[in-house]
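Here's the letter readout for the chains.
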Amino acid sequence: MTITEKIIARHAGRERVAPGENVWIDVDVLMTHDVCGPPTIDIFKREFGEDARVWDPDKVVLLPDHYIFTKNHHANRNVRLLREFAEAQGLPHFYDVGTPRYKGVCHVALAEEGFNRPGSVLIGTDSHTCTSGAFGLFSTGVGNTDAALILGTGKIWVKVPETMRFVFEGSLPPYLMAKDLILAVIGDIGCDGATYRAMEFDGEAVYDLSMEERMTLTNMAIEAGGKNGVIAADAKTVEYVQARTDAPFEVVFSDEAARYHSVRHYDVATMEPVVAKPHRPDNRAAVSAVAGTRLDRAYVGSCTGGKLEDFEAAARIVQGQEVVIDTFIVPATTEIAAALHTTTVGGETLYDIFERAGCKMGRSSCAACLGGPPDTFGRTHGSEVVISTTNRNFPGRMGSKQASVYLASPLTVAASACTGVITDPRAVLV
Amino acid sequence: MDSMKPIIQGLAYVVGDAVDTDQIIPAEHLVYSLTVPEERRWYGRYALSGVPADGQGLPSGGRPFTEPDAYESRYRIVVAGTNFGCGSSREHAPFALAEAGCEAVVAESYARIFYRNAVDGGFLVPFEARERLVERIRTGDALAIDTALGTLSNRTTGEDFLLHPLGDVAEILRAGNVFEYARRAGFIGS
Ligand code: SF4
């Protein structure tokens, strides 16, 4: 069996499962946020009763992150509804807005707070919940109805997915990042190339990556339609997890004899920086092929490209320069925002590097990654051409239907911010 | 009791490939409650409003799913190409279509989460076409789906099409939603 099959089997109380079977499994962690939390709570109360209790308060994680710094009263009301529910149910894992506990983008927060534990089942009301699979666990996104059923019972039905295996060999050149690898995969197999399937990432180039970079790979599994993305845990994973939680976990590996839907090999030394052109994440082009395309703005943020290493990469390029287009810096979480003030490149903090370069500094949340209310930081309102470290570029994703979004690595976005046109990071990396 | 209608009929609304959930219901509208009546009706108004103008109601485009001042659509059946509902996991997407009055989608293929949300929440019936229908059905054609036989008739042109069987999910759709299904299976108490 593959990692995914093994985890599903264990959580179904079964010896084995095979792809295509439908099974009910036990959920270890349910995560929800301010957009899908309130409707999930409504359905939970409708189905289980006004006074019903959640199945296990310790397994519910509430991370408001989407529409936080806005005057929109409906959005603010939704955060209030989460707060009331957390209080009424006595939920210990609520990271409330306006308190020192506030985190920001849920998928990065789950990792930082130690909820991503190898071998477990983590379900979230957000499609990028597949991110957590970087820790060798089964994680997937669901809607409000499935989440409400979990709140009441701790269970969910899943169809066991077939697994596609992606093996990255060789060592990653300094001008490439995990974002280039996953955009290449999505370009190869298409936005529906992994529909109903697990995507397992393997190979020495993957294990050379930090946990943050591994999360970039699994984060975008959904952009190929994948049910989950997964990377087997190794010593780095265990160290990261043990530094953040005392909870027990069990590392699971795919068997030698595991059956895969397909296997693809990549030699990372021969790959090059890529973008996804408007308006689809699978619309891949080499940066060299679109270099010179005029841009109006650059954006570094989100669960995909707003982690500390993403900012370190961008800062290496921006240092000592000025950005020539509007450039938005949005740390995914408050932990990362704080680290921008303490992490240095060439003796200067990341925060100072960006501020001196003329970037606009935002607060931790999803911000313009998904457009949001009109007063959202970095949101598009017209026909802007944007280069972004985020994960989706469907029409209207960053706000305006007329805007055009190129997805790229933090290195490529930073290089482009300094020139105002799409720029290959190889041209500026020393 | 069977919650799935034997015949679903109404006017067709045709869209293209990879219509993602931001096009089905743009993110800025996700702030509205799905239960408060004065708020939930906005989902009907803004359903499919994120589709770029030239893709709104093929083949001509420029035909909004819901008229700008209405809360309900005149179209009952959405016909789509590949990977319908890709993108986010927002259940607001099938909810918005249902709120506008849509009862079924007939697509060449679906993104997994949209399909699952449509079924588990009992919002609409997601049929998979056996062939590409986007160029063979025009927005405004009168359609009828026989849900038991799995056939789609275009009453405007007289053409008939076979659909893929609903398979495992038919039981959930017949039960009404995943809660009712789980109750019938004795899985949760009633
Ligand atoms: S940062 Fe973007 S992709 Fe990530 S959870 Fe927030 S809205 Fe979704």
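Residues numbered from 1 in each chain as written. Chains lettered and ligands numbered in written order. Predicted model: local features only at pLDDT ≥ 70, side-chain atom pairs only at ≥ 80, totals over all residues. Heavy atoms only, no water.

As for the overall build of chain A
Counting its regular elements, chain A contains 15 helices and 20 strands. Since a compact globule built from 430 residues should have a radius of gyration of about 22 Å, the 21 Å found for chain A is in line with a globular shape. The dimensions of chain A, computed from C-alpha atoms along their principal axes, are 55 × 55 × 40 Å. Sorting the 430 residues of chain A into buried and exposed places 66% on the buried side. Roughly 14,200 Å² of accessible area belongs to chain A as shown, and the carbon and sulfur atoms make up 48% of that amount. Looking at charge distribution, chain A has the averaged site of its 41 positive side-chain charges lying 5 Å from that of its 54 negative ones. (Helix = DSSP H or I, 4+ residues; strand = E, 2+ residues; numbered from the N terminus. Rg over C-alpha atoms; globule rule 2.2 N^0.38 Å. Buried < 20%, exposed > 50% of the residue type's maximum accessible area, 1.4 Å probe, protein only. Areas by Shrake-Rupley, 256 points an atom, 1.4 Å probe, with all protein chains shown as cover. Lys, Arg positive; Asp, Glu negative; His and termini not counted. Charge placed at Lys NZ, Arg CZ, Asp CG, Glu CD.)

Here we look at the environment of Ala-88 of chain A
Among the secondary structure elements, Ala-88 of chain A is positioned in helix α3 (residues 73–89). Taking the C-alpha atoms as reference points, Ala-88 of chain A and Asp-51 of chain A, 37 residues apart in sequence, are found 9.4 Å from one another.

Looking at the sheet that holds strand β1 (residues 7–14) of chain B
Residue and element names in this part refer to chain B. On the basis of which strands lie adjacent, the open sheet formed by seven strands has the order β4-β3-β2-β1-β5-β6-β7 and mixed pairing. Strands at the two margins of the open sheet, each flanked by one partner only, are β4 (125–128) and β7 (159–162). Sheet twist, expressed as the average angle between the axes of neighbouring strands with direction ignored, equals 30 degrees. Across four bridges, the pairing between strand β6 (residues 151–154) and β7 is antiparallel. Residue pairing for β7: Thr-151 is matched across the bridge by Leu-162. (Pairing = 2+ DSSP bridges. Axes fitted to C-alpha atoms, helices over the stretch in contact; angles between N-to-C directions.)

Describing the interface of chain B and chain A
Facing 48 residues of chain B, the contacting portion of chain A comprises 51 residues. For the pair chain B and chain A, the two sides together bury roughly 3,800 Å², of which 56% comes from carbon and sulfur. Summed over the three residues of chain B that lose the most area to chain A, namely Arg-112, Arg-116 and Phe-179 of chain B, the buried surface amounts to 19% of that side. Applying the counting rule to chain B against chain A returns six salt bridges. In this structure, Arg-397 of chain A engages Asp-22 of chain B in a salt bridge whose closest nitrogen and oxygen atoms are separated by 3.2 Å. Here chain B is connected to chain A by 25 residue pairs in polar contact (both at pLDDT 80 or more). Residue contributions to the side of chain B that touches chain A peak at six residues, all from helix α4 (residues 112–120) of chain B. Counted by class, the side of chain B that touches chain A contains 20 nonpolar, 16 polar and 12 charged residues. (Contact = heavy atoms within 4.5 Å. Buried area = accessible area lost by both parts, 1.4 Å probe. Salt bridge = Lys/Arg side-chain N within 4 Å of Asp/Glu carboxyl O. Polar contact = N/O pair within 3.5 Å; in protein donor to acceptor, adjacent residues only side chain to side chain. Nonpolar A, V, L, I, M, F, W, Y, C, P; charged D, E, K, R; others polar.)

A word on the side chain of Asp-141 of chain B
In this structure, Asp-141 of chain B sits in the loop between β4 and β5 (142–146). The charged side chain of Asp-141 of chain B is buried without a salt bridge, its nearest counter-charge being Arg-138 of chain B at 5.4 Å.

Here's the deal with the confidence of the model for chain B
Per-residue pLDDT for chain B has a mean of 96; in total, 99% of the residues score no lower than 70. This complex was scored by the predictor with a pTM of 0.97 and an ipTM of 0.95. (pLDDT = per-residue confidence, 0-100.)

Some points on the side chain of His-66 of chain A
Residue and element names in this part refer to chain A. Inspection of the secondary structure assignment puts His-66 in the loop between β3 (60–62) and α3. Here the side chain of His-66 touches Asp-126 through a polar contact of 3.5 Å, side chain to side chain. With residues up to four places along the chain from it excluded, the contact list for His-66 reads His-33, Asp-34, Val-35, Asp-126, Cys-366, Ala-367 and Leu-370.

Examining the sheet that holds strand β11 (residues 262–267) of chain A
Strands belonging to one sheet form pairs held by backbone hydrogen bonds; the direction of such a pair is parallel or antiparallel. Residues and elements named next belong to chain A. Strand order in the open sheet formed by four strands is β10-β9-β8-β11, and the pairing between neighbours is parallel. With partners counted over all chains shown, the strands left at the sheet margins are β10 (228–230) and β11, one partner each. Taken over all neighbouring pairs, the strand axes of this sheet differ in orientation by 20 degrees on average, direction set aside. When strand β9 (residues 198–202) meets β10, the two strands line up parallel, connected through three bridges. Each bridged residue has a counterpart across the sheet, and for Ala-198 the counterpart in β10 is Asn-228. Strand contacts of helix α1 (residues 3–11): β8 (163–169), β9 and β10, with the helix running at about 110 degrees to β10, the strand carrying the most contacts.

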